[in-house]
Amino acid sequence: MQGKNIPVPVLNDVFTKPISLVTVYSAEITDKKETSRLIKQLGELFPLTSLSHVKRVKSSEKIEGKQLQIILCTPDQLENDAPCTNIDEIFCTLPDFNKSGLGKLTCSKVPEYQPKTRAQFIEAQKYWPTAFHEDKELSRLLDGTFFSKTEVERINSYMNTALSIARRGGKEGALSIGAVIVNPDSRDIIASCYDIRQVSSNPLRHAVMVCIDLVARSQGGGAWNIHNTPGFYWKSPTCEALIKPDSSSRETAHHECPEAESSTNETGNTRHSPQKSTALVDDADQSNEPKNLKRKHNDEVQTSSYLCTGLELYVTQEPCVMCSMALVHSRIQRVFYGSPHPDGALGSRYNIHYQPGLNHHFQVFKGVLEEECKQLVTGVT
Amino acid sequence: MGPKALYPLGWTFRMATTALQQGEVPVGCLLVHKGEIIGRGKNGVNCSKNATRHAEMLAIEEALDWCKNDNLDKDAVFSETDLYVNVEPCVMCAGALRLLGIRRVVYGCQNERFGGCGSILNVASDQRSGDGQPIIQCVPGVFADTSVQLLKEFYKGQNPNAPNPKIKR
Ligand SMILES: [Zn+2]
Ligand SMILES: [Zn+2]
């Protein structure tokens, strides 16, 4: 199963909980030649609509050969509320029904819902056969083979970045909680920061909220005046704008971007100064491209990478309900966190990432470099 | 609450209408402390490209500045502050208000998609959450019809700033 240091999926409990059972009326089939007639007629009289995943007939090996049992009906399909004790009571309103081939009335327990995982399926079969469609992705999530070794290394390296920025925060007198937002396709870090709820006048500036605003800033938006905070990083919006347009300005992008990026990679926490960003914009505006066309490209860039669509968050501590819902609003794709928190909303207090009724769900993994992340927290308090 | 206490909610409709004219989801919010408005906010998601810029968050920030400028203890201020908003605060804003220990939330219509005062979750009065802060007293459904009307106008008119319109509340 799950080895050490593999990100642990925080799954909807419908996938992890034990199966639930309901009782049905059943009977042994004493004359096997009657089986197909019984299946057909019972299917018409008592269709198993609420238990459509359950097979009508159960076949079990006995010492004296194969034994068949058939579901007659569910208790709520009968008009009489009182429990039936013999087969005649089941069919008392159906005098024409041919009961030949049916043995004694029994009560059987069958799975209430269709199993969603292989473990639930195996459990369900102990009671009654059911349909099962294996979700391959879910199975890989459950058996710990979802991420390759390389992917786990990549995940750990981003969490290490989050740990460094968290420690930097600690040095600045802030809470040691670090957040990094990454584009998993380009492998670019879009923003990284630490928690400033204690060092700013706003107690809501949790690491995740700050990181989201830095992502907005990297897309030419942003609301908070936090860009001069020591150690904060966000990807310059101008690189994106230059890379995106076709042919003519792509050349420019290749000349400009490596320079901008190398300056950030040296220390890993250098920020793009606003002056530099402005300079790049000015350069771009001086290109041959007509202004209105350029503007259109810019808008395309901003809407295609709007908010956190397709992005991953790495955060040292489980986000609270405010931050988790902010991630829903921002359409984050995946969240990795280190240590759980009792007030956390991605597995502990709430499960915002699969909360019924919300229009966006995302994947959550916990336990990434958990020990290191826990040490951060105990270091502060 | 007497009718006079509901005046601020009337004002949030004007702010919401301005937000609508600016292509934002029409939500306006006021924070009132001992009869004085200490924070105002209208939805600013599109202009900031930040999906968390809800009216409540902006109003909270103004109120925090007010506390700072007047050198007042923010916990003491928020424990005697009421929030007025034309739509039920979402799960995020309810979480924020809980963290701040606000006293009361008076709102117009339900927020079926994101509501954090009962519609999706009840973060506002969940005993278990909120960092040990007291539960928020909620006064729902004040001028609900007017609120619904305003939201309908947004859905109808769509959002000029978002080519792929998604309502981010
Ligand atoms: Zn938070
Ligand atoms: Zn909100």
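Note that the structure is a prediction, hence the values are computed from the model and not measured.

Asker: I'm lost on the overall build of chain A in this one. Help?
Answerer: Along the backbone of chain A there are 13 helices and 11 strands. Buried positions account for 49% of the 381 residues belonging to chain A. Put simply, 63% of the contacts in chain A that link residues at least 6 apart link residues at least 24 apart.

Asker: In this structure, what is going on with the interface of chain B and chain A? I would like to understand it.
Answerer: Interface size is commonly expressed as the accessible surface area that is lost when the partners come together. The partner chain A presents 35 residues to the 34 residues of chain B that form the contact. Interface of chain B and chain A: buried area, both sides summed, is about 2,900 Å²; carbon and sulfur atoms make up 66% of it. Together, K49(B), F114(B) and R128(B) form the three largest contributors to the area buried by chain B at its contact with chain A, with a combined 20%. Summed over the shared surface of chain B and chain A, the result is four residue pairs in polar contact (both at pLDDT 80 or more). Only α2 (45-48), α3 (55-69) and α5 (91-100) of chain B provide two or more residues apiece to the side of chain B that touches chain A.

Asker: Sorry if this is basic, but what is going on with the sheet that holds strand β4 (residues 104-109) of chain B here?
Answerer: Strand pairing in a sheet relies on backbone hydrogen bonds, with the paired strands running either antiparallel or parallel. Residues and elements named next belong to chain B. If you trace the five strands from one edge of the open sheet to the other, you get β2-β1-β3-β4-β5, paired in mixed fashion. Each edge of the open sheet is held by one strand with a lone partner, namely β2 (36-42) and β5 (137-139). Going from strand to strand, the sheet's axes swing by 20° on average, the running direction of each strand aside. Both strand β3 (residues 81-87) and β4 contribute to a ladder of five bridges, which runs parallel. Along β4, the bridge assignment pairs V85 with Y107. Running at roughly 140° to β2, α3 makes contact with β1 (28-33), β2 and β3 of the sheet.

Asker: Just checking my understanding: could you explain the coordination of the zinc ion (ligand 2) for this structure?
Answerer: Any two of four tetrahedral donors ideally make an angle of 109.5 degrees at the metal, while pairs among six octahedral donors ideally make 90 or 180 degrees. All names here are of chain B. Those donors, H54 (ND1), C90 (SG) and C93 (SG), are the protein atoms that reach the zinc ion (ligand 2), and they lie 2.0 to 2.3 Å from it. Sequence spacing of the donors to the zinc ion (ligand 2): H-x35-C-x2-C. Taken as a pair, H54 in the loop between α2 and α3 and C93 in helix α5 lie far apart in primary sequence, 39 residues in all.

Asker: Just checking my understanding: could you explain the confidence of the model for chain A for this structure?
Answerer: The predicted coordinates ought not to be read in detail in places where the model reports low pLDDT. Mean pLDDT over chain A: 83, with 80% of residues reaching 70 or higher. Note that residues 240-305 of chain A has pLDDT below 50 and, in this model, 65 contacts with residues that lie over four places away or in other chains.

Asker: Explain α3(B) here, please?
Answerer: For an α-helix the count is 3.6 residues per turn, leaving residues at separations of three or four pointing the same way. Residues and elements named next belong to chain B. Taking 1.5 Å as the rise per residue, α3 with 15 residues should run 21 Å; its terminal C-alpha atoms sit 21 Å apart, in good agreement. Those residues of α3 that fall on the buried side of the exposure criterion are A55, E56, M57, A59, I60, E61, A63, L64, W66 and C67. Downstream of α3 by a residue or two, N71 has a phi angle that is positive, lying close to 55°.

Asker: For this particular structure, what's the right way to read the coordination of the zinc ion (ligand 1)?
Answerer: Residue and element names in this part refer to chain A. The protein atoms that coordinate the zinc ion (ligand 1) are H206 (ND1), C320 (SG) and C323 (SG), at distances of 2.1 to 2.3 Å. Sequence spacing among the residues donating to the zinc ion (ligand 1) works out to H-x113-C-x2-C. Judged by relative accessible area, C320 falls into the buried class, the value being 15%.

Asker: Sorry if this is basic, but what is going on with helix α4 (residues 118-125) of chain A here?
Answerer: Residues and elements named next belong to chain A. Within α4, burial applies to Q120, F121 and A124. Projected down its long axis, α4 carries its buried residues within an arc of 100°, all on one side. In this structure, the buried side of α4 is in contact with α1 (13-16) and β5 (102-111).

Asker: Would you mind showing me how to read the sheet that holds strand β2 (residues 21-29) of chain A here?
Answerer: All names here are of chain A. Spatial ordering of the open sheet is given by β3-β4-β2-β5, a layout of four strands whose pairing is antiparallel. Edge positions in the sheet fall to β3 (57-62) and β5, since each has one partner strand and no second. Pairs of neighbouring strands in the sheet enclose a mean axial angle of 35°, with direction left out of account. Inspection of the sheet shows β3 paired to strand β4 (residues 65-73) by six bridges, in the antiparallel sense. Counted as the bridge partner of S60 is Q67 from β4. In the packing of helix α2 (residues 35-45) onto the sheet, the strands contacted are β2, β3, β4 and β5, and the crossing angle to β4 comes to about 15°.

Asker: Got a minute to help me understand unusual backbone geometry in this structure?
Answerer: Leaving glycine out, the prevailing phi sign among residues is negative, and the prevailing peptide bond configuration is trans. In this structure, R187(A) is a non-glycine residue whose phi angle is positive, near 65°. Within the secondary structure, R187(A) sits in the loop between β6 (175-183) and β7 (188-195). Taking the relative accessible area as the measure of exposure, R187(A) reaches 52% and is therefore exposed. Positive phi, normally seen in glycine, also occurs at K49(B), with a value near 55°. Within the secondary structure, K49(B) sits in the loop between α2 and α3.

Asker: Got a minute to help me understand the pairing of β3(B) in this structure?
Answerer: Consecutive side chains of a regular strand alternate in pointing toward one face of the sheet and then the other. All names here are of chain B. A large share of β3 lies buried, amounting to seven of its seven residues. Of the pairings in the sheet, the one linking β1 to β3 comprises five bridges and is antiparallel in character. Note that in β3 the partner of L30 across the bridge is Y84. In this view, the connection linking β3 to its parallel neighbour β4 by way of α5 has right-handed handedness.

Asker: Any chance you could explain the packing of aromatic side chains here in plain terms?
Answerer: For any two aromatic rings, the description comes down to two numbers: the centre-to-centre distance and the angle of the planes. Residues and elements named next belong to chain A. Applying the stated rule across the entire model yields 13 aromatic pairs over all chains. Ring geometry for F146 against F365: centres 6.0 Å apart, planes inclined by 25°, an arrangement best described as stacked. With F146 in the loop between α5 (136-143) and α6 (149-171) and F365 in strand β11 (residues 363-366), this residue pair connects regions lying 219 residues apart in the sequence. On the basis of relative accessible area, F146 is assigned to the buried category, the value being 12%. Residue class for F365 comes out buried when judged on its relative accessible area of 1%. Here R205 stacks its cationic end above the ring of W224, 4.4 Å away from the centre of that ring.

Asker: Honestly, the confidence of the model for chain B in this entry has me stumped. Any pointers?
Answerer: Residues and elements named next belong to chain B. Looking at chain B as a whole, its pLDDT mean stands at 88, while 88% of the residues score no less than 70. In the model of chain B, helix α6 (residues 144-157) stands out as the element of lowest mean pLDDT, 85, in contrast to α3, which has the highest, 97. Under a pLDDT of 50 for its full length, residues 160-169 has, in the predicted model, 32 contacts with residues more than four places off or in other chains. Prediction confidence for the complex, expressed as pTM and ipTM, is 0.80 and 0.91 respectively.

What counts, and where the lines are drawn
- Throughout this document, residue positions are counted from 1 along each chain, in the order its sequence is written.
- Here every chain gets a letter starting at A, and every ligand a number starting at 1, in the order they are written.
- It should be noted that, the model being predicted, local features are given only for residues of pLDDT at least 70 and side-chain atom pairs only at 80 or more, the latter also being counted only at that level, while totals for whole chains, interfaces and linings use all residues.
- Neither water nor hydrogens contribute to the side-chain values; these are computed over all heavy atoms in the structure.
- Each helix is a run of DSSP H or I of at least 4 residues and each strand a run of E of at least 2, with the numbering of both proceeding from the N terminus.
- Buried residues are those whose accessible area, probed at 1.4 Å on protein chains only, stays under 20% of the maximum for their type, while exposed residues exceed 50% and partly exposed ones sit between those limits.
- In this analysis, two residues are considered to be in contact whenever any of their non-hydrogen atoms come within 4.5 Å of each other.
- Using a 1.4 Å probe, buried area is obtained as the accessible area two parts lose upon being combined, added over both of them.
- Counted as a polar contact is a pair of N or O atoms within 3.5 Å, where, for protein atoms, one must be capable of donating a hydrogen and the other of accepting one, and residues adjacent in sequence contribute only when both atoms are in side chains.
- Paired strands are those between which DSSP finds at least two bridges.
- Orientation is described by axes fitted as lines to C-alpha atoms, over the contacting stretch for helices, and by angles from 0 to 180 degrees between their N-to-C directions.
- With water omitted from the atoms examined, metal sites may look incomplete; donors here are N, O and S atoms no farther than 2.8 Å from the metal, or 3.2 Å in the case of Na, K and Ca.
- One confidence number per residue, pLDDT, is output by the predictor and ranges from 0 to 100.
- Working rule for helices: expected span equals 1.5 Å times residues minus one.
- Each C-beta atom gives one direction from the helix axis, and the arc is the one those directions make.
- Handedness of a crossover is defined as follows: with both strands directed away from the viewer, a clockwise route from the first strand across the helix to the second makes it right-handed.
- Only Phe, Tyr and Trp rings are paired, with Trp represented by its six-membered ring, and only when their centres lie within 6.5 Å; those with planes under 30 degrees apart are stacked, over 60 edge-to-face, the remainder tilted.
- Only when the NZ atom of a Lys or the CZ atom of an Arg is both within 6 Å of the ring centre and within 35 degrees of the ring normal do we say a charge sits over the ring.

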